[in-house]
Amino acid sequence: MKIIHIINSLATGGAEKLILDTLPLYNEKGIHVDLLLLWDNNCMFTQELKKMDCGTIHILKTSKNYKDIYSISNIFKIAKILKNYDLAHVHLFPAQYYVVLANILIGNKCKLVFTEHNTTNRRIKSKLLKPLESFIYKRYIKLICITEEIKNIYLNYLNKSNSQLVVIQNGVNINSITEAIPHDRIGINEHIALDDVIIIQVAAFRPQKDQLTLIKAMQFLPNHFKLLLVGEGENKKICEAFVTKEKLTNRVFFLGQRADIPRLLKSVDLVVLSSKYEGLSLSSIEGLASGVPFIASDVPGLREIVKGYGVLFEEGNTTDLINKINNLINDNEYYLQIAKTCLERSKHFDISIMIEKHIKLYKEIHEA
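Residues numbered from 1 in each chain as written. Predicted model: local features only at pLDDT ≥ 70, side-chain atom pairs only at ≥ 80, totals over all residues. Heavy atoms only, no water.

J.: With reference to specific residues and values, describe the sheet that holds strand 13 (residues 311-313).
T.: If you walk across this open sheet you meet the six strands as 10-9-8-11-12-13, and the pairing is parallel. Only two strands of the sheet have a single neighbouring strand rather than two, namely strand 10 (252-256) and strand 13. This sheet shows a mean twist of 25° between the axes of neighbouring strands, independent of strand direction. Against the sheet, helix 14 (residues 318-329) contacts strand 8 (197-202), strand 9 (225-230), strand 11 (270-273), strand 12 (294-297) and strand 13, and its axis sits at roughly 155° relative to strand 13. (Pairing = 2+ DSSP bridges. Helix = DSSP H or I, 4+ residues; strand = E, 2+ residues; numbered from the N terminus. Axes fitted to C-alpha atoms, helices over the stretch in contact; angles between N-to-C directions. Contact = heavy atoms within 4.5 Å.)

This is how it looks when you write it as structure tokens:
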């Protein structure tokens, strides 16, 4: 059984991080999995995966322009590679479309699986695209939904049979976080002191994320509260400009893409994820496993994971977020209680559970 995972790139984000974490684990289980990237520009996750030497990495485009993922020529390049595999596990758009078209070119030789990582996207909101969406989704033998909510959304949207959709929750290597060694706080940034309250958000700077609400909250928190923002993306410049304008450069720090997320999470006092919507956020699970309280916006994809364990605040409501942060920092007993329940919750999403379910599904499809 020859398997390949296909994704736009390993530039930044949850699905991309999932690829980095899972491919070595498939191989440990005796399932060899290769990878196809539509684009790469020496991305850190790609470099990390190459060091592990756990499979072939095919790269279609190497350039500084991420928009090369949309090149129509990618379809023909994918077809040449796809014909050598029995099963392709696809993630994200436009790879989702291009792989289907490439597979048609080779006579549908490869069996296709797609993971739906989000509760919504621009295409699902367009009535004009509905016929095209139905055509594309129909070409996937299985649609893996990472939450029950996503499954219900796509059952209604696609009018598909229940058997085509399967729920397999994404997972995180919980031990890599719980056993991580914290950084020396002063070493993270010269403006951080030992007695500062450090908050972190790990998320790509994409439209669905809402780092700006968290940054605005910093204006009304005491000066010894410091914020670490990990990630890259199109909205980063907007956030950087706001930080400069509001004179927060000594309190809000942009760390870029990092390979030491577990160590950073173990070095802070609070983990926050301010977002407009999620699928099943890996960052939220990592935040829950950090050993400190996790605060998230009360939106689909986070509410289901965090409610009753961590702390939720109203989406985009800076005042509510500030109040939730202060409640935790000012009440040590409450702080410890939330940290404990967060950690317990994270154990339900250990990556080993996801790996076993994926392998079982691959074997069922291959043998059918």
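This is not the end of the story, as more comes after the structure.
J.: I'd like to hear about the packing of helix 3 (residues 73-82) against helix 4 (residues 95-105), residue by residue, with values.
T.: Between helix 3 and helix 4, whose axes approach to 8 Å, the crossing angle comes to 60°. Looking at the two axes, helix 3 sits oblique to helix 4. For helix 3 against helix 4, the interelement crossing comes out right-handed. Here Asn74, Ile75, Phe76, Ile78, Ala79 and Leu82 of helix 3 come into contact with helix 4, specifically with Tyr98, Val99, Leu101, Ala102, Asn103 and Leu105. Residues belonging to the contact of helix 3 with helix 4 are distributed by class as follows: 10 nonpolar, two polar and no charged. (Parallel < 35°, antiparallel > 145°, perpendicular 65-115°, else oblique. Left-handed = near helix turned anticlockwise from the far one by under 90°. Nonpolar A, V, L, I, M, F, W, Y, C, P; charged D, E, K, R; others polar.)

J.: Go over the pattern of salt bridges, please, and point to the residues and values.
T.: Applying the stated criterion to the full structure yields 15 salt bridges. The partner of Glu133 in a salt bridge is Arg123, and the shortest N-O contact between them spans 3.2 Å. Taken together, the residues Glu133 in helix 5 (residues 130-138) and Arg123 in the loop between strand 5 (111-116) and helix 5 connect sequence positions 10 residues apart. Taking the shortest distance from any N to any O, the salt bridge between Glu246 and Lys245 comes out at 3.1 Å. According to the relative accessible area criterion, Glu246 is partly exposed, its value standing at 28%. (Salt bridge = Lys/Arg side-chain N within 4 Å of Asp/Glu carboxyl O. Buried < 20%, exposed > 50% of the residue type's maximum accessible area, 1.4 Å probe, protein only.)

J.: Help me get a handle on the pairing of strand 6 (residues 142-145), residues and values and all.
T.: Relative to strand 6, strand 5 is paired through four bridges, and the arrangement is parallel. Following the sheet pairing, Phe114 is matched in strand 6 by Leu143. The parallel pair strand 5 and strand 6, bridged by helix 5, forms a crossover whose chirality is right-handed. Summarising the sheet, strand 6 and strand 7 (residues 165-167) pair through three bridges and their orientation is parallel. Residue pairing for strand 7: Cys145 is matched across the bridge by Val167. (Right-handed = clockwise from strand over helix to strand, strands pointing away.)

J.: A description of helix 9 (residues 211-218) should follow, citing residues and the corresponding values.
T.: Of all eight residues in helix 9, six are buried, a share of seventy percent or more. Looking only at helix 9, the buried set comprises Gln211, Thr213, Leu214, Ile215, Ala217 and Met218.

J.: For the environment of His58, give the residues involved together with the corresponding values.
T.: In this structure, His58 sits in strand 3 (residues 57-59). Note: C-alpha distance between His58 and Trp39 (19 residues apart in sequence) is 9.5 Å. Each residue touching His58, except ones within four places of it in the same chain, is listed here: Ile4, Leu35, Leu36, Leu37, Ile81 and Tyr85. One polar contact links His58 to Tyr85, side chain to side chain, over a distance of 3.1 Å. (Polar contact = N/O pair within 3.5 Å; in protein donor to acceptor, adjacent residues only side chain to side chain.)

J.: Could you give an account of the environment of Lys151, with specific residues and numbers?
T.: Structurally, Lys151 can be placed in helix 6 (residues 148-158). When the C-alpha positions of Lys151 and Leu165 are compared, they lie 6.6 Å apart, and in sequence the two are 14 residues distant.

J.: Kindly report on the side chain of Asn189, identifying the contributing residues and their values.
T.: Its place among the elements puts Asn189 in the loop between helix 8 (185-188) and strand 8. Only 2.8 Å separates the side chain of Asn189 from the backbone nitrogen of His191, close enough to count as a polar contact.

J.: I'd like to hear about the packing of aromatic side chains, residue by residue, with values.
T.: Taken as a whole and assessed by the stated rule, the structure comprises nine aromatic pairs. Centre to centre, the rings of Phe114 and Tyr140 are 5.4 Å apart; their planes meet at 45°, and the pair counts as tilted. Within this pair, whereas Phe114 is found in strand 5, its partner Tyr140 is found in the loop between helix 5 and strand 6, the two being separated by 26 residues in sequence. Neither residue differs from the other here; Phe114 and Tyr140 are each classed as buried. Here the aromatic rings of Tyr137 and Tyr154 are separated by 5.5 Å at their centres, their planes lie at 50°, and the arrangement is tilted. Separated by 17 residues along the polypeptide, Tyr137 in helix 5 and Tyr154 in helix 6 bring together distant segments of the chain. Residue classification places Tyr137 among the buried positions, given a relative accessible area of 1%. An aromatic cluster of three or more residues is present, and its members are Phe114, Tyr137, Tyr140, Tyr154 and Tyr157. The cationic tip of Lys2 hangs over the ring face of Tyr85; the distance from NZ or CZ to the ring centre is 5.2 Å. (Phe/Tyr/Trp six-rings, centres within 6.5 Å; stacked < 30°, edge-to-face > 60°. Lys NZ or Arg CZ within 6 Å of the ring centre and 35° of its normal.)

Limitation: the analysis is restricted to geometry and does not speak to function.
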